[in-house]
Structure formats: structure tokens, C-alpha cells
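One-letter residues, chain by chain:
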Amino acid sequence: MSESSPDDVLSWENLIYLADFLEASDEHNFRMLGGEPTLHPDFNDMVLYVLERGFAVTVFTSGIMAERTLLEAHELFKDLRFERLSFVCNINDPTEPSSSTAEVESVTRFLKLFGDRVIPGFNIYRTDFDLEFLFQWINTFGLRRNIRLGLTHPILGRSNAFIDLADVDVVVARIFSYTPLLERLRITIGLDCGFPLCRFRDEQLAWLYRFTGGHSDFGCGPVLDIGPDMTVWPCFPLSSFQQKSIFEFNSLREVEKYYVDIHNKIRIEAGGIFKECDACLFREDKICKGGCLAHNLSRFQNEVRVRMDEVYL
Amino acid sequence: MISQFLVCPFDEQLLSALSGRSVVVRIDDIRELSRVEEVLERNRSHLHCLVIESDASVVSLRYQESWSHIPIALFSPELGRFRDLAGQLGVLRKLNLRVYLPSDRAASFASLRVLSSLGIESALVFSKEGLDWERVADLMTYALLGQRPRAGIAPFNYVASRYQHERRTDFGAVYFDDPHTYLHVGAGGCVALSDADLKAGVYLAESVEELNNIENHQKFRAHEGRWREFFLKTDGCAYCPGWRICLGKHADTVERDPGCREFFAEFLDSVEQHQSLTSKGKLVWQP
């Protein structure tokens, strides 16, 4: 157990506090994100600890990790059931120029050992994305046959690559161009938050219903992130928005309520990402949340400050 | 007859002299455990607790479920890697064990939380110098006011379970350092009020033969009233808000390191808060 932790690394004291906090909130899943959580010097020990506390653990990783950490992890966790420990691995297209050979080797090394407990994820940040490599990797490494598709959104206060609202239709069309292959390979897709319902045609929704068992969600709400310094924020795109300390709350429900209230206030200012969202019956009935809030908030930051204080950074 | 437990080293001749008494036996090698049991059984002595003073980390020792009937106080410099603890947790949870870790190692503060959160009783051993009182206070808050029920961390939970606001509460017994509960016997049979006295050669009696009348001994009675001496100093420990639970344990260092004052005042507040949170409410007459 390390003597002390720098501020940007989760300490054991804070890990234990969070385990207590989640347990007291009747939450049984412990999700570890980064950066890259496997870079933590005590990563394997901390996963073991959280498992010992009775949580199911999900690690969000790029799959790029030190060989020693990987081999230790395999030795420690190989006999666990998938329900107790799983990985969501965001996999980049290896043919992209930004993917180095060393990175690809590291990811494949990880997938070889942990493939059967990996849910593949893919972040869509351009319209001409390719999923075929992912199908190949699912078969090669025995990954879970469900792809988590994330639509990239603007990160408030930062400059990042994301899908322009005008291109959402193109993205949806591209996803559905893979349906014959998805059906043949018996691979399902799961849509991450922020997809607007209105950009899907009825037959596409029917396909989603049939092949995901009705589990598709067109939501946007707090997916709480807690940093190593115990700062909490509503979700990744809003990582610099309305930060609080977890110590200000007594339970996860309290934190969620705090951010849901802010979400709701912002939705009064602008119902959704499109003008039509304001009058949309599906949004009113909460079938669709009106797309990712980060789009609304990004827009507000460039306006004259006439809205309620909560919407500004 | 005396009511105190006798703390002594593992010395077969000495234990024979203490035959029939309740003893606390100190060893430094866990492998001596079964031998201690044999000797005590032969002497018909009662083992109140086995103190293991190990140089090795907690996880490096090999524990056996068959020891579950033996009360063990394990003093160790460190816990060790969690993965090595995880493999032995099942057995450790079944043992009648309290793990003692030193405050002069920063990792101890996290290790004590780990043990406590996993249901293993533990204790912080205060170092004489250079205590990080803020970390001690954080640990105390965790032990007394944390969100989840867990195994106690001494001395915090010890004080919280015994504190009465109209009385002094001495937590020295956590460390076998309270002559009302423990007396220390050296290998040669000398009896002392504390381990420190024993090491310094300050004896209460020269032989175990004198034990039966020990509470009437002048030195013992003098020790009884020693706490009053703190009231003779105008700005001494007795005027500190935390006096009722500290009882001047850090009097030697308070001038150089006054952090103890703030800590013990906060400790007292937390104990009262803990008691109010865990009190069972109004108790009506009982038949």
C-alpha cells in the first residue's frame, strides 16, 4: 500500500470513502474511469479491494496498459465471473494514422487475455467512421457481442472533435448501414447518451427495438463522475461545469438530484439541441431528453449573459 | 488475589511461577503460538491475550483458522499489499484478532481503514514524536462518524463505547498500559506498572510472590493519584478540553507539538456525537 498519493491519483482513503458512500447509497456497481485507470500504481489492488467490498466492478479502459499490470490483473481476476468484473474498452480504428503500432499491440495483448469480459466501445467523432475492424476484433478476441456506440459531444470549456448537430443524420444513416452485418454476426449495438430520437426513422427504431430488446435510450442526464480529489461533476462533456465536492452530499441520490435539478433548469432555457425540441411531445413525455446538454450549454457560453447563472461556466 | 492480567514474555519458567493466573503473553514469532498454548495448559493458566510483536508485515504471516479461540494482539510495522491480504481475509475474519499499526508510517492510516472496512478490528499506535494530528483526526472521524458500520479502530471506538461525560476515560488498556487492568512482569519475575517502567527498571515488586497484595502497595497507590498532579500546573493538560480522554498521555511533547490539544478536543466532540447517533433512546423502567 503506497505511503501517499499525489492529488491527481486516487488515494486509498478516498477509495474507501467512495466505497462507503456508494454502499450507503445502495449502489452495487463501482465504475472506474480515467484518464486511464490502469495507470494507477495500485490499480489491481484497488479493484481487488472494491470486489472484496461486494461491488461489481466495471473498468473503462483504452486497453493500453503496462505489461506487468496486465499480467498481474490476469492472474488475479481470471477466475471471476463476468458479472463481477467487466471492462468497457473504447477501441480506436487501428488503421487510423493516430493509432501507433505500439498502441495496437498493447490493446491486442489486453484483448487476448481479457476478451471474454470486454464490452467493446466505439466513439463516433467523424461521419465516415468504420465499424468493420470492430466486428473482426469481436470474433478474433471473443469480445462481448454488444458494441457501445458513443456520439461525441462538445466538452464544455475545451476544444475537442465532436459530431456537429447537422451531421447527426449522417451518423445515424452510417450506423444503420451496418445492420445486415450486425444481424449476420449477431452483434447488437447500444446507444450511449445524447442521441436524439427524432433523427431515427420509424423503421430504424423498429430495428433497434427488435435487436436490442427495447433497451435503446434517448436520454441525457447526470452520469456522475468523481475525480481523485473527490470533486464531482455531472458527466464527461460537462467535466468543468458546476463542480462540487462529494463531501457536500450524503448519498448518491442527493448528488443526482442536485444535477437533475440543474439539468431541468437548463431545459427551461432551451428544451433540447434543436429548435423543434421546445415543442416536441416526445421530449415532453420524456421519451427523448432532447440530445446532449453540452450542446445547449456550449451555445449559451458565447451569448450575452442574460440567462440564469447556473448555465454559465 | 489480584484482578489485573499479567503481561509477560514467553518464558516457561516464569509462566510456571504464574500458574493459575490470567496472563498476556508476548511473543515475536507467530510460530511460537502453539508452544505457548501447551505451556499455559500445563500450568492451568488462562490466556487473556497473546501479543505478537512482529517485524514482518501483517500479510506476510500465515494465519490458521484453528487459532480462532485465541485472543491475539498483532503489532506489526505495516499491513503489506492488499492482494496478499485478500487471500487470507477469510481466515483473518474468523480470528479473535486486533491488528496494531504505527502512526509513524503514513500508509498505516489507509491500512487501518482497509482493515476496518473489511471487518477486522485494528488499533493505531501513537508514536511519541512527530505525530500527524490531522491524519489522526481524519482516521478518528472515519472510525466514529463514517457512513458504514465497520470493525472498530482503537482507541477511537474503545473510548466511544466507554465514555461517560462525568468520568475520566483511560484508553491505556488498548495498549496494555493501564495498571487497573494490566501489570507487567519481567523475565526475572519483577513486577511493574507498565512496560515502560519494566524496561526502565522501575519495579512495583521484585517478585511475583508479592503480587497478591499489590494494590495496597505504596507505589501502586501513588500511581492511582498521579493524574491529580496535572491540576497543580496552571496551564497543564488538565485544562485542555480533551483532558477527560487524554489524561495527559502527551504531556511530555505538548510544548513542542501542541497539536494534541486540538485533536483530543475534536475527539471528545466526535465521541459525544457518536454516542448521540448510536444511543438507543429513552429507556423506561425495567421489571
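Reading the values: the criteria
- Residues numbered from 1 in each chain as written.
- Chains lettered and ligands numbered in written order.
- Predicted model: local features only at pLDDT ≥ 70, side-chain atom pairs only at ≥ 80, totals over all residues.
- Heavy atoms only, no water.
- Contact = heavy atoms within 4.5 Å.
- Buried area = accessible area lost by both parts, 1.4 Å probe.
- Salt bridge = Lys/Arg side-chain N within 4 Å of Asp/Glu carboxyl O.
- Polar contact = N/O pair within 3.5 Å; in protein donor to acceptor, adjacent residues only side chain to side chain.
- pLDDT = per-residue confidence, 0-100.
- Domains from an automatic or database assignment.
- Helix = DSSP H or I, 4+ residues; strand = E, 2+ residues; numbered from the N terminus.
- Nonpolar A, V, L, I, M, F, W, Y, C, P; charged D, E, K, R; others polar.

1. What about the interface of chain A and chain B?
Piece 1. Opposite the 19 residues of chain A that make contact, chain B presents 23 residues.
Piece 2. A buried area of about 1,900 Å², summed over both sides, lies between chain A and chain B, and 56% of it is on carbon and sulfur atoms.
Piece 3. Seen at the junction of chain A and chain B, the total is five salt bridges.
Piece 4. With a shortest N-O distance of 3.1 Å, Glu72(A) and Arg83(B) are connected by a salt bridge.
Piece 5. Where chain A packs against chain B, one counts seven residue pairs in polar contact (both at pLDDT 80 or more).

2. Side note on the confidence of the model for chain B
Piece 1. The pLDDT averaged across chain B works out to 91; a share of 100% of its residues lies at or above 70.
Piece 2. Scored by ipTM, the complex comes to 0.89, with pTM at 0.90.

3. Observations regarding the domain arrangement of chain B
For interface size, the figure often reported is the accessible area lost on association.
All names here are of chain B.
Piece 1. One can read the domain layout of chain B as domain 1 (5-171) and domain 2 (225-278).
Piece 2. Each of domain 1 and domain 2 was reduced to a C-alpha centroid, and the two centroids are 24 Å apart.
Piece 3. Contact residues are listed per partner, giving 22 residues for domain 1 and 24 residues for domain 2.
Piece 4. Counting the surface lost from both domain 1 and domain 2, the interface buries some 2,200 Å², and carbon and sulfur atoms represent 63% of this.
Piece 5. Three residues, Trp 133, Tyr 163 and Arg 168, lead the burial of domain 1 against domain 2; their summed loss comes to 33% of the area buried on that side.
Piece 6. On inspection of domain 1 and its partner domain 2, the count reaches two salt bridges.
Piece 7. Arg 256 serves as the salt-bridge partner of Glu 129, at 2.6 Å between the closest nitrogen and oxygen.
Piece 8. The interface formed by domain 1 and domain 2 holds ten residue pairs in polar contact (both at pLDDT 80 or more) in total.
Piece 9. Elements that contribute at least two residues to the side of domain 1 that touches domain 2 include exactly α6 (133-145) and α7 (156-162).
Piece 10. Among the elements that make up the side of domain 1 that touches domain 2, the one with the highest residue count is α6 (seven residues).
Piece 11. Tallied by class, the residues present in the side of domain 1 that touches domain 2 amount to 14 nonpolar, three polar and five charged.

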